[in-house]
Amino acid sequence: MKFLKFSALAMLTLATALGETPCVIVDTGQVKCYNNSREISYPRRSGSFYGQDAQYVMNPPAYTDNGDGTVTDLNTGLMWTKGVDPRKVSLVEAERIAKRIDVGGYRDWRVPNIKEMYSLIDFRGYTGFSGIREMYSVPSNFIPFIDTDYFDFRLGDTRTERYIDAQWLSSTKYVSTTMNGAKTLFGVNFADGRIKGYGYSGPGRHGDRRPEKKFFVRFVRGKPYGYNDFTDNKNGTITDRATGLMWMQNDSGKTMSWKQALKYAENLNYAGYRDWRLPNAKELQYIVDYTRSPDTTGSAAIDPIFRSTPVKNEAGQKDFAFYWTSTTHLDGPRPGSCAAYVSFGRAIGQMHGTTMDVHGAGAQRSDPKSGRPQLGRGPQGDAVRIYNMVRCVRGGNVKIRTREPRQNKNEYPYKIRIAGKTKSVSSSSSSQGERFVRRLDRNGDGKVSRSEFDGPKHHFSHLDKDGDGYLSTDEAPPPPRGRD
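These numbers were taken from a predicted model, which means no experiment stands behind them.

J.: Provide a residue-level description of the overall build of the chain, including the pertinent values.
T.: Helices and strands together make up the secondary structure of the chain, namely eight helices and 28 strands. Summed over its atoms, the accessible surface of the chain is roughly 21900 Å², and 48% of this surface lies on carbon and sulfur atoms.

J.: Talk me through the environment of glycine 316; I want residue IDs and the actual numbers.
T.: In this structure, glycine 316 sits in the loop between strand E14 (310-312) and strand E15 (318-320). Exposure remark for glycine 316: the relative accessible area of 46% places this residue in the partly exposed category. For the pair glycine 316 and threonine 355, spaced 39 residues apart in sequence, the C-alpha separation works out to 9.4 Å.

J.: Kindly report on the sheet that holds strand E5 (residues 70-73), identifying the contributing residues and their values.
T.: Ordered by their spatial adjacency, four strands build an open sheet running E4-E5-E6-E10, and the pairing between neighbours is antiparallel. Both edges of this open sheet fall to strand E4 (63-65) and strand E10 (220-221), since each of them pairs with a single strand only. Here E4 pairs with E5 via three bridges, running antiparallel. Residue tyrosine 63 lies in a different strand from E5, and its bridge partner there is aspartate 73.

J.: Any details on the pattern of salt bridges? Residues and values, ideally.
T.: A side chain of one charge can pair with a side chain of the opposite charge if their charged atoms are brought near each other. Enumeration over the complete set of coordinates arrives at 22 salt bridges. For aspartate 192, the salt bridge goes to arginine 194, with nearest N and O atoms at 3.5 Å. On the basis of relative accessible area, arginine 194 is assigned to the buried category, the value being 9%. Taken together, the salt bridges that share partners define one network made up of Lys32, Glu39 and Glu404.

J.: So, the side chain of aspartate 382: which residues are in play, and what are the values?
T.: Within the secondary structure layout, aspartate 382 lies in strand E22 (residues 382-384). If sequence neighbours within four positions are ignored, aspartate 382 has contacts with Lys196, Ile348, Gly349, Val358, Arg365, Gln374, Leu375, Gly376 and Arg377.

J.: Lay out the sheet that holds strand E11 (residues 230-232) with the relevant residues and their values.
T.: Strand-to-strand pairing in sheets goes through backbone hydrogen bonds, with the strands running parallel or antiparallel. One open sheet accounts for four strands, arranged E11-E12-E13-E23; its pairing is antiparallel. Because the sheet does not close on itself, it has two edges, and the strands there are E11 and strand E23 (393-394). Strand direction decides the pairing type here: strand E13 (residues 245-248) and E23, joined by two bridges, are antiparallel. Looking across to E23, one finds that tryptophan 247 is bridged to valine 393.

J.: Now, about the nonpolar core: what can you tell me, with residues and values included?
T.: The biggest cluster of nonpolar side chains holds 64 residues, and the ones touching the most others in it are Leu120, Phe153, Trp168, Val188, Phe190 and Phe344. Dropping the residues within four chain positions of it, leucine 120 is found in contact with Tyr63, Asp73, Trp80, Phe145, Ile146, Phe151, Phe190, Arg218 and Lys282. Of all hydrophobic cores here, the second largest spans 18 residues; its members include Met256, Ala265, Leu268 and Tyr341.

J.: Explain the packing of aromatic side chains to me, and be specific about the residues and the numbers.
T.: Counted under the stated rule, the structure contains 20 aromatic pairs. Ring geometry for phenylalanine 322 against tyrosine 341: centres 4.3 Å apart, planes inclined by 5°, an arrangement best described as stacked. You can see phenylalanine 322 sitting in strand E16 (residues 322-329) and its partner tyrosine 341 sitting in strand E17 (residues 338-343), a full 19 residues away along the chain. These aromatic residues form a ring-pair network of at least three members: Phe142, Phe153, Tyr163, Trp168, Phe190 and Phe216. The positively charged end of arginine 385 is found above the aromatic ring belonging to phenylalanine 322, 3.7 Å away from the centroid.

J.: Help me get a handle on the side chain of arginine 394, residues and values and all.
T.: For arginine 394, the position within the fold is in strand E23. By relative accessible area, arginine 394 is classed as buried at 15%. At 2.7 Å, the side chain of arginine 394 forms a polar contact with the side chain of aspartate 275. Among residues more than four places away in sequence, those in contact with arginine 394 are Leu245, Met246, Tyr273, Asp275, Trp276 and Arg277.

Cut-off values and rules
- Residues numbered from 1 in each chain as written.
- Predicted model: local features only at pLDDT ≥ 70, side-chain atom pairs only at ≥ 80, totals over all residues.
- Heavy atoms only, no water.
- Helix = DSSP H or I, 4+ residues; strand = E, 2+ residues; numbered from the N terminus.
- Areas by Shrake-Rupley, 256 points an atom, 1.4 Å probe, with all protein chains shown as cover.
- Buried < 20%, exposed > 50% of the residue type's maximum accessible area, 1.4 Å probe, protein only.
- Pairing = 2+ DSSP bridges.
- Salt bridge = Lys/Arg side-chain N within 4 Å of Asp/Glu carboxyl O.
- Contact = heavy atoms within 4.5 Å.
- Core = buried A, V, L, I, M, F, W, Y, C linked by side-chain atoms within 4.5 Å.
- Phe/Tyr/Trp six-rings, centres within 6.5 Å; stacked < 30°, edge-to-face > 60°.
- Lys NZ or Arg CZ within 6 Å of the ring centre and 35° of its normal.
- Polar contact = N/O pair within 3.5 Å; in protein donor to acceptor, adjacent residues only side chain to side chain.

Nothing here speaks to function; it is geometry throughout.
Structure follows, in structure tokens:
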């Protein structure tokens, strides 16, 4: 078999010159809408929460199982290995494996870069909630952030790690370091819906060498994916000829809540265009420049053709912001209360009393849509900012969706396949919540107020986790024992 050797940039330039669009951004898959705390019906134009991910659909995920251990993405053209080895490997080990495997009769497999890996993420996933903070048991309502109808999937080994320790390897190394000096590479976690940088070498907590980080790996082949070709339109906008999307050259210049970000984008009249929108998670991540970081280039992780407003981070350093996406991130006990953001500056956290870059510029995490800023959430002590910057986008193969599409109950995300096992997603908790609200909701506003609640007053305060003075379906008490 002969292989032509062209650089990724040369291939992109050739495709652009031929008038092609070589890089298709795959839709996130999200089909439901949310307010600050729960699922809602599709908002109307000019109403609150209009303009979120599910309402703009583009390039829906589409795959073909080739029946030979490979899966082809019909949007990106990339071919993937279907299976996943139960053993986790380092980047060096993965690169060795890629050189010797023969899957589907092909020998040109490689470890995917972070944008290729992230193209597979599906935001219909849900981390679930088991009530156990460290999550060493798999919740019954867990949904992977990857289509298990096509791709084999594994979770972390709960005998020694959390079930969400299911990070998939990329070949993209962080140009700076994390965790006070650890060399770092990026991975996609298909169990919790995030991109993070993971230290794979460097000093540990007490100065000793940390063990080499190992990941699940899925190999890819095909033309390079994930490159940008930006043009300055000289009117405050930037066009990425690689994708056909147009971006604001400047950001919002100020931070705002997720609800405010949606309104800002939908009402924006900028450079003569009125069809701006808040980008979804995949659109925004696609313009990250992983060759840049505050520590190495003194800039945000984005091409300098863009202008990024500096901020002061929680460690008092000059830094760059987190940027909102229109994508709700279903995580934890209150699904719908968080939205995904991309960190174009350091992904700040607090470890062992020190505030530092814990996951790298270019990470994708999530913030609560409302509440108070804090430092110290989760195992890496994530900075929770609540108020983030905005960079709007327009164009692309986008259509407006006005209602939730019907989905086949026998396919993902209703039938979940994990390591050869199939399970149906449990909906008993949401059904109980719906029954609770329906029974007590006298004014028909879809929630239960204090005056409508028929239990002890202190129980209401305990159940009202977001403190908004109402109980939603996800804040409903569990049914009495013996009942479903």
